There are 2 protein chains.
Amino acid sequence: MAEQVQDDTISRRRLLGTAGAVGAAGLVMGGGAGAFAADAVRDEPAALSGVGETERMFHGKHQAGIADPAQACGHLLAFDLAPGADRKAAAALLRRWSATAAELMAGEVPRGDDTGIALDAGPSALTVTFGFGRTFFDRTGLAARRPVALQPLPAFTGDALDAKRSDGDLWVQIGADDPLVAFHAVRLLRKQAGDAVRPRWQMTGFNRTPGATARPRTGRNLMGQIDGTNNPKPSDPDFAARVFVPDDSGDWMAGGSYAVVRRIRMLLDSWDHLSLERQEKVIGRRKSDGAPLSGGTETTPVDLDKIREDGSLAIAGDAHIRVAAPESNRGAAMLRRAFSYQDGVLDDGAPDAGLLFVAWQADPRKGFVPVQRKLDRGDGLSRFLRHESSGLFAVPGGCAPGEYVGQRLLEG
Amino acid sequence: MAEQVQDDTISRRRLLGTAGAVGAAGLVMGGGAGAFAADAVRDEPAALSGVGETERMFHGKHQAGIADPAQACGHLLAFDLAPGADRKAAAALLRRWSATAAELMAGEVPRGDDTGIALDAGPSALTVTFGFGRTFFDRTGLAARRPVALQPLPAFTGDALDAKRSDGDLWVQIGADDPLVAFHAVRLLRKQAGDAVRPRWQMTGFNRTPGATARPRTGRNLMGQIDGTNNPKPSDPDFAARVFVPDDSGDWMAGGSYAVVRRIRMLLDSWDHLSLERQEKVIGRRKSDGAPLSGGTETTPVDLDKIREDGSLAIAGDAHIRVAAPESNRGAAMLRRAFSYQDGVLDDGAPDAGLLFVAWQADPRKGFVPVQRKLDRGDGLSRFLRHESSGLFAVPGGCAPGEYVGQRLLEG
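The structure displayed is predicted, hence computed values, not measured ones.

*Asks:* What am I meant to see in unusual backbone geometry here?
*Replies:* Trans peptide bonds make up the majority, and among non-glycine residues the majority have a negative phi. Look at Ala125(A): it is not a glycine, yet its phi comes out positive at around 60 degrees. Looking at the element boundaries, Ala125(A) is found in the loop between strand 3 (108-109) and strand 4 (127-133). The phi angle at Ser124(B) is positive, at roughly 55 degrees, despite the residue not being glycine. Within the fold, Ser124(B) resides in the loop between strand 3 (108-109) and strand 4 (127-133).

So this is what it looks like as structure tokens:
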């Protein structure tokens, strides 16, 4: 995409001088609207680090923001179609949004954008991912094409769901390693939505800043626990089968995935009252390095049958990693790609903090639903968690240049 | 501080291998509480980037978090003393907090900390800064020692203040380039506060991630405008006089500063309706590069008298940079060190986003107050801003090892 600088866009990175100041001076926006002068940043040094330079591809078989690593900043947004907005309006919106997402992810300034918020930053691993909620299909006359997998999630004992912060016709996930690049995408998509949709809810989260730690992959959550060790990895032979709807499904969802989104508040004051040993027993892993209590290092496979010298199970019967393990759920697994959140303090002084849990799977009935059913009954961790909101979204496959996300549904 | 590894602490960076795995293996925590094994992270690569490695000094003439650059993540917290908590309890709390802040800023794990949240990250430029609100002095029997400069801020026309999110007995500013390092500090200070204080309010903000842009110093705010260009710089001859209480004041506040804290919501939907040209006229600077409309580049001094060919002022009469300029305020200036915030959407769908404005000065009566009085009357920008909360805090000077912040007040 970096090469596809069209005459109505301008590459932020070129402006920044990474393509040379002389080259930049020749690039100006086609229209009069939002005409940032190319000489504006001519005297800036060309010194983006990897953080700013990292670029994810918008076009492709799958949407970005699923198999790539979760970024330092994330926004989850849900919208409802405005009364009167129909399938045609939705298609026009997805076309606009897709074009803008492609430009932003390539580090370009879309025509007419004079917000300037991200003008001098690199793409910073920006991804924009679009999904459809169950209600979208009724409102657009597409109920007949609603996937069977998109049935409502069952109620769980541990749920304390706020309907206002749950569900939604449309869902957008925005992630970037720079918070202003992420915010810029939020603003532009909102502006472009115009009157077609109304904001339903919006949540903001974070992960570790690149370079703050030497740990290669997995981050920590706000309980201090290394999280995501046992995630399916893109190099696994069954990764695609677990995460993406098969190509031969013949469905508009081919190449797509289903996102389960849960705002999970952590009862951190209670959690912190447990001793380290007790916390590790609840999880089943050492806190310091994520190694399973059955031995080894973080990446050592968990031995659920391991018996300690005193005759007890190394991984307790209600340990989180036992109850969540594929072996305990007939192989069910999902790709978790979460953000932590911290929204200040609640009225009682407790931290309003936890996990914006986003889990990806080819079919939630074979991923999140069976695993969460089991966790709901038997997970020692569940009494320290409160599920406060919930959503399930059908996330179509990616699109080719000139197409838009959801086109096979909306024009099929 | 990196060298001051005491026998009850353990350096995260040493564990990470930057001091060598052999050295790390010899370091274990003195007590049994929260004993993270030193071998836990032995096999980690030693590859922290500058983001993680950057260390700010806790001990010194001034507290950190004032003259050093604002970090990528910030938390502002206010506490009220619990009923019954007196001067002695406050002194004990500040002693605990100071010791913990010193350890955390040096990248060490305080004794008994088994939260683990930041275990494998470097110090990431963490700063922890403590201040006292006006009410603190009444509640601790210290009203006679309350500085004259700590009088209530006047009411401004543009204020729409929420008392619940304003003021407070104690104020803590936490900043770090990594959000988990920052969150870890929040958690530990809250835990250590015990029953001595009650959380009053807490806000979270952000700045650009290091490496996302090649711009050297000044960042953009959520209006897209480069912000902070005209800030006093540590290299300015009058920097210390503007920002810090003089050494020869003979006061417990010598070496300290006053922080004005305002949550300023930006009316971004209205702002975005203005053309780029109009936005630039409101501010007085070009959006693209921050150059004043009187000419030059970002760092060119503003020429408030410059007349354009058509006879109009290059910097409009109500332009923000004219009304805020020291020349317009008898030399009054302050050091702005802000974070942006984005807290989702309001009930009407508008973004709940803006600036966590933190301004530092030797005396607010010669800094924020006269400037804000002028802005309140004549600033073209003010109709796009809503001041939603406000606080003024006396931030004592720094302390030497073995001392704590505020000791000269609390034991003087």
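Resuming the write-up.
*Asks:* What am I meant to see in helix 4 (residues 87-105) of chain B here?
*Replies:* Each α-helix winds once per 3.6 residues, and so residues spaced three or four apart point in a common direction. All names here are of chain B. Between its terminal C-alpha atoms helix 4 stretches 26 Å, which fits the 27 Å expected from 19 residues at 1.5 Å a residue. Buried within helix 4 we find Ala90, Ala91, Leu93, Leu94, Trp97, Ser98, Thr100, Ala101, Ala102, Glu103, Leu104 and Met105. Where helix 4 terminates, the next one or two residues include glycine 107, which has phi positive at roughly 80 degrees.

*Asks:* When you look at the relation of the copies chain B and chain A in this model, what are you seeing that I'm missing?
*Replies:* One copy of the chain maps onto the other through a rotation about an axis followed by a shift along the same axis. With an RMSD of 0.0 Å, the fit of chain B onto chain A corresponds to turning through 180 degrees and sliding 0.0 Å along the axis. Expressed as an axis order, the relation between the two copies is that of a two-fold axis. In this assembly, 99% of the residues forming the interface of chain B have copies in chain A that are likewise at the interface, indicating an isologous arrangement.

*Asks:* Mind showing me how you'd approach the pattern of salt bridges here?
*Replies:* Pairing between side chains becomes possible if they bear opposite charge and their charged atoms approach one another. Residue and element names in this part refer to chain A. One pass over the full model with this rule turns up 47 salt bridges over all chains. Note that aspartate 169 is salt-bridged to arginine 139, the shortest N-O span being 2.7 Å. Residue aspartate 169 is located in the loop between helix 5 (134-139) and strand 5 (170-176), and its partner arginine 139 is located in helix 5; the two are separated by 30 residues in the primary sequence. Arginine 262 is paired through a salt bridge with aspartate 159; the nearest N and O atoms lie 2.7 Å apart. Of this pair, arginine 262 sits in strand 9 (residues 257-266) while aspartate 159 sits in the loop between helix 5 and strand 5, and the two are 103 residues apart along the sequence.

*Asks:* Please clarify how helix 9 (residues 276-283) of chain B should be interpreted in this entry.
*Replies:* Residue and element names in this part refer to chain B. Among the residues making up helix 9, those that are buried are Leu276, Gln279, Glu280, Val282 and Ile283. When helix 9 is viewed along its axis, its buried side chains cluster within an angular range of 155 degrees and face the same direction. Residues of helix 9 that are buried in the fold lie against helix 8 (268-271) and helix 10 (320-324). Positioned one or two residues after helix 9, glycine 284 has a phi angle of 100 degrees, which is positive.

*Asks:* What exactly am I supposed to notice about the UniProt feature "domain: Dyp-type peroxidase N-terminal" (unreviewed entry) in chain A here?
*Replies:* The UniProt record marks residues 63-207 of chain A with the feature "domain: Dyp-type peroxidase N-terminal" (unreviewed entry), using the residue numbering of this structure. Along residues 63-207 of chain A one finds 28% helix and 24% strand; the C-alpha atoms at either end are 21 Å apart.

Reading the values: the criteria
Residues numbered from 1 in each chain as written. Chains lettered and ligands numbered in written order. Predicted model: local features only at pLDDT ≥ 70, side-chain atom pairs only at ≥ 80, totals over all residues. Heavy atoms only, no water. Helix = DSSP H or I, 4+ residues; strand = E, 2+ residues; numbered from the N terminus. Expected span 1.5 Å × (residues − 1). Buried < 20%, exposed > 50% of the residue type's maximum accessible area, 1.4 Å probe, protein only. Least-squares fit on C-alpha atoms with pLDDT ≥ 70 in both. Contact = heavy atoms within 4.5 Å. Salt bridge = Lys/Arg side-chain N within 4 Å of Asp/Glu carboxyl O. Arc of directions from axis to C-beta. UniProt positions renumbered as here; feature names shortened; annotations may be inferred.

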